[in-house]
Amino acid sequence: MAQLIEQLISAVGKAAVITDPRDAAPYATDWRKRYFGKPLAVVKPGSTAEVAAVVRLCAASGTGIVPQGGNTGLCGGATPDAGGGQIVLKLSRLNRIRAIDPVNNTITVEAGCVLANLQQAAVAAGRLFPLSLAAEGSCEIGGNLSTNAGGTAVLRYGNARDLVLGLEVVLPDGQIWNGLRALRKDNTGYDLKQLFVGAEGTLGIITAAVLKLYPRPSARTTALVALASPAKALDFLSHMQDACGDRVTGFELMSAFCLLLVARHFPATRLPLKEDYPQYVLLELSDTASAENLDAALQGALAKAAERGLILDAAVAASGAQAAALWALRENIPEAQVLEGQQIKHDISVPISSIAEYIAVTGAELQRAFPGVRMVTFGHLGDGNLHYNIAPPEHADENAFMARASEVSRVVHDSAARFGGSISAEHGLGQYKREEILRYKSPLEMDLMRRIKAALDPQGIMNPGKVL
Ligand SMILES: Cc1cc2nc3c(=O)[nH]c(=O)nc-3n(C[C@H](O)[C@H](O)[C@H](O)COP(=O)(O)OP(=O)(O)OC[C@H]3O[C@@H](n4cnc5c(N)ncnc54)[C@H](O)[C@@H]3O)c2cc1C
């Protein structure tokens, strides 16, 4: 081990290898503080060549490599085990924008580029990079691609997977695959880049990517809409898409309980509607045409929705600050949950048309099995993706409730499976759902995944114990 540390230092420099456990601690646990690892070292290469050198050394010594970007993942995918034999490979120093081509509408970036910085670089070139999520100030594009991140703009622009045209990857034997193609059409065999997207670092290390850019909307309008039920929200989604087409770029469902938690834990919160309602949708429209057109389209569509009895009330943001305040309602939900106490978190998806029935059926089943539980239901309704989180009954013993977490999750996940859904819509499997997925994917599908893993990483050094 001492020899490997010496070799790593000669490959990347002394300052880029952390071995003191106190200094390594922030890299050894996950965002939710659910997993605590003990890395042999945290290694911070500064270039693709250095990444490849580190991987070759690890391959030669059979050392496990845990890639880490911004460390905001929610399934423990970037946390090493507690055995003290794995290295954390921190990609954050690979943070350059290599090229922007506004005519081709592409940007070439290194894996450690923070998502918000990448968005800014696109704006500076008069373009939009649409991937957007609450962790965008810390998560990195390599992590986004490796988890196939979703976020709030999937409805219009797709997941991270849909935004990638090319990748540069360091393979588990240290070879560098340069697949940095900037092509929208390329039917020359298997689409290898897509193997690495969503692989959570188990097949190789993404070091750079060519990503799609879009025209930058010149107008954006945001509204908080009150509704009677998730079923009405679904009808409202169809109504808005019929009326405004792909100008509907955000459609986030939030139950009344979610907003109550935000108001409780963020005292500056001001709800713009006078009354309380059972459900809310945060709606965003954007367009490259004029703001007046967009406002008129929104107002017209809202008026018709009210006439048809789809919505109960709505508040439209009159300024950028008001729009940001509306988005804060949605984005503060995860933090408000943490401040409220322990909850059992889920990230399920079902076909969009089944969402309302899923919520009704699963909620009833949970109330029968665990009377008094409180559902913190919010998410990307337009993508069929819910963060269907369960808080203990008011005044219940939190720890006793959390001890039954797997029973609660079984109800939630089995129900999603009955609706043809997924137990991980956008957060991945990591170590958190590695065992759980075995119940829901067929043995054949698991076998195919294992065969791909064995073909690319026969030594099993890439992020051991994650996904598979
Ligand atoms: C407040 C909050 C809100 C969030 N909202 C969303 C949301 O709306 N949608 C969503 O999808 N996710 C969301 N997430 C989850 C998280 O932000 C995403 O999964 C994000 O894509 C992770 O990026 P990261 O750089 O932090 O990756 P990390 O956490 O560092 O790593 C995630 C996984 O990718 C692997 N990895 C990282 N970099 C590389 C690389 N260069 N090559 C190979 N493997 C690599 C790691 O080994 C790990 O398995 C949220 C998280 C938080 C804390």
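For the structure itself, look to the data block above.
Notes on the structure in this doc start here. Remember, it's a predicted structure, so these values are computed and weren't measured experimentally. (Residues numbered from 1 in each chain as written. Predicted model: local features only at pLDDT ≥ 70, side-chain atom pairs only at ≥ 80, totals over all residues. Heavy atoms only, no water.)

Each helix and strand counted, the protein has 16 helices and 18 strands in total. When the backbone C-alpha atoms are referred to their principal axes, the protein occupies close to 70 × 55 × 45 Å. Evaluated residue by residue, the protein yields a buried proportion of 53% over its 468 residues. Partitioning the contacts of the protein with sequence separation of at least 6, the portion at a separation of at least 24 is 74%. If you sum the accessible surface of the protein, you get close to 19900 Å²; carbon and sulfur atoms cover 52% of it. Seen as two clouds, the 44 positive and the 46 negative side-chain charges of the protein have centres 3 Å apart. (Helix = DSSP H or I, 4+ residues; strand = E, 2+ residues; numbered from the N terminus. Buried < 20%, exposed > 50% of the residue type's maximum accessible area, 1.4 Å probe, protein only. Contact = heavy atoms within 4.5 Å. Areas by Shrake-Rupley, 256 points an atom, 1.4 Å probe, with all protein chains shown as cover. Lys, Arg positive; Asp, Glu negative; His and termini not counted. Charge placed at Lys NZ, Arg CZ, Asp CG, Glu CD.)

Under the definition given, this model contains 20 salt bridges. R374 is the partner of E340 in a salt bridge, and the nearest nitrogen-oxygen pair spans 3.9 Å. Note that E340 is positioned in helix α12 (residues 333–340) and R374 in strand β17 (residues 374–380), a separation of 34 residues in sequence. Look at E340 and you get partly exposed, because its relative accessible area is 21%. The class of R374 is buried, set by a relative accessible area of 15%. (Salt bridge = Lys/Arg side-chain N within 4 Å of Asp/Glu carboxyl O.)

Inspection of the entire model under this criterion finds 6 aromatic pairs. Where Y358 meets F419, the ring centres are 5.7 Å apart and the plane angle is 80°; that geometry is what we call edge-to-face. Highlighted residues: Y358 in helix α13 (residues 355–369) and F419 in the loop between α15 (405–418) and α16 (443–456), separated in sequence by 61 residues. Across this residue pair, the class does not change: Y358 and F419 are buried. Sitting over the face of the ring of Y432, R34 holds its NZ or CZ atom 3.8 Å from the ring centroid. (Phe/Tyr/Trp six-rings, centres within 6.5 Å; stacked < 30°, edge-to-face > 60°. Lys NZ or Arg CZ within 6 Å of the ring centre and 35° of its normal.)

Looking now at the pairing of strand β8 (residues 164–170). Note on strand geometry: in a regular strand, side chains alternate between the two faces of the sheet. Of all 7 residues in β8, 7 are buried, a share of seventy percent or more. With 6 bridges connecting them, β8 and strand β10 (residues 205–212) associate as antiparallel partners. Bridge pairing in β10 places V170 opposite I205. The sheet contact formed by β8 and strand β9 (residues 176–179) spans 4 bridges and is antiparallel. (Pairing = 2+ DSSP bridges.)

The mixed open sheet is built from 4 strands, whose spatial order is β1-β2-β4-β3. A single partner strand is all that each edge strand has here, and the edge strands are β1 (17–18) and β3 (65–68). Relative to the sheet, helix α3 (residues 48–61) contacts β2 (41–43), β3 and β4 (87–90), its axis offset from that of β4 by approximately 165°. (Axes fitted to C-alpha atoms, helices over the stretch in contact; angles between N-to-C directions.)

Time to look at α12. Buried within α12 we find I333, A336 and Q337. The buried side chains of α12 occupy one side of the element, clustering within an arc of 105° when seen end-on. Each element contacted by the buried residues of α12 is listed here: β13 (248–255), α9 (256–265), α11 (320–331), β17 and β18 (385–391). (Arc of directions from axis to C-beta.)

Moving on: the state of the cysteines. Counted by the stated rule, this structure contains 0 disulfides. Among the cysteines around C75, which has no disulfide bond, C139 carries the closest sulfur, lying 14 Å off. (Disulfide = S-S within 2.5 Å.)

Once that is clear, we can look at a nonpolar patch on the surface. Together, Y190, L192, L195 and I452 make up an exposed nonpolar region whose accessible area comes to about 410 Å². With respect to the helices, strands and loops of the structure, L192 is situated in helix α7 (residues 192–196). (Patch = residues over 30% accessible without salt bridge, like charges linked within 9 Å, V, L, I, M, F, W, Y side chains within 5 Å.)

Residues F236, M240, L283, Y358, L366 and I390 are the most contacted members of the largest nonpolar core, which totals 46 residues. The set of elements that each furnish at least two residues to this core consists of β12 (219–227), α8 (230–244), β13, β14 (279–287), α10 (291–307), α13, β18 and α15. If near-sequence neighbours (up to four positions away) are discounted, M240 is found in contact with G245, V248, F251, L283, L285, L298 and A301. The next biggest cluster of nonpolar side chains, apart from the first, holds 33 residues, and it includes A121, L171, I206 and L211. (Core = buried A, V, L, I, M, F, W, Y, C linked by side-chain atoms within 4.5 Å.)

Right, let's get into the site of the ligand. Taken together, 35 residues surround the ligand, and among them P67, G69, G70, T72 and G73 come closest. At a separation of 2.8 Å, an oxygen atom of the ligand approaches a polar backbone atom of E140. Contacts to the ligand include T147, whose side-chain N or O atom sits 2.9 Å from an oxygen atom. Burial of the ligand by the protein chains amounts to 95% of its free accessible area of 970 Å². Mapped onto the shell around the ligand, the elements with two or more residues apiece are β3, α5 (141–146) and β10. The element that contributes the greatest number of residues to the shell around the ligand is α5, accounting for 4 residues. When its residues are assigned to classes, the shell around the ligand shows 13 nonpolar, 19 polar and 3 charged. (Near = heavy atom within 4 Å. Polar contact = N/O pair within 3.5 Å; in protein donor to acceptor, adjacent residues only side chain to side chain. Nonpolar A, V, L, I, M, F, W, Y, C, P; charged D, E, K, R; others polar.)

Moving on to unusual backbone geometry. We note that N71 has phi near 60°; this positive angle belongs to a residue other than glycine. Mapped onto the elements of the fold, N71 is located in the loop between β3 and β4. Taking the relative accessible area as the measure of exposure, N71 reaches 14% and is therefore buried. Positive phi, close to 55°, is recorded for E200, a residue that is not glycine. Within the secondary structure, E200 sits in the loop between α7 and β10. When its relative accessible area of 10% is taken as the criterion, E200 is described as buried.

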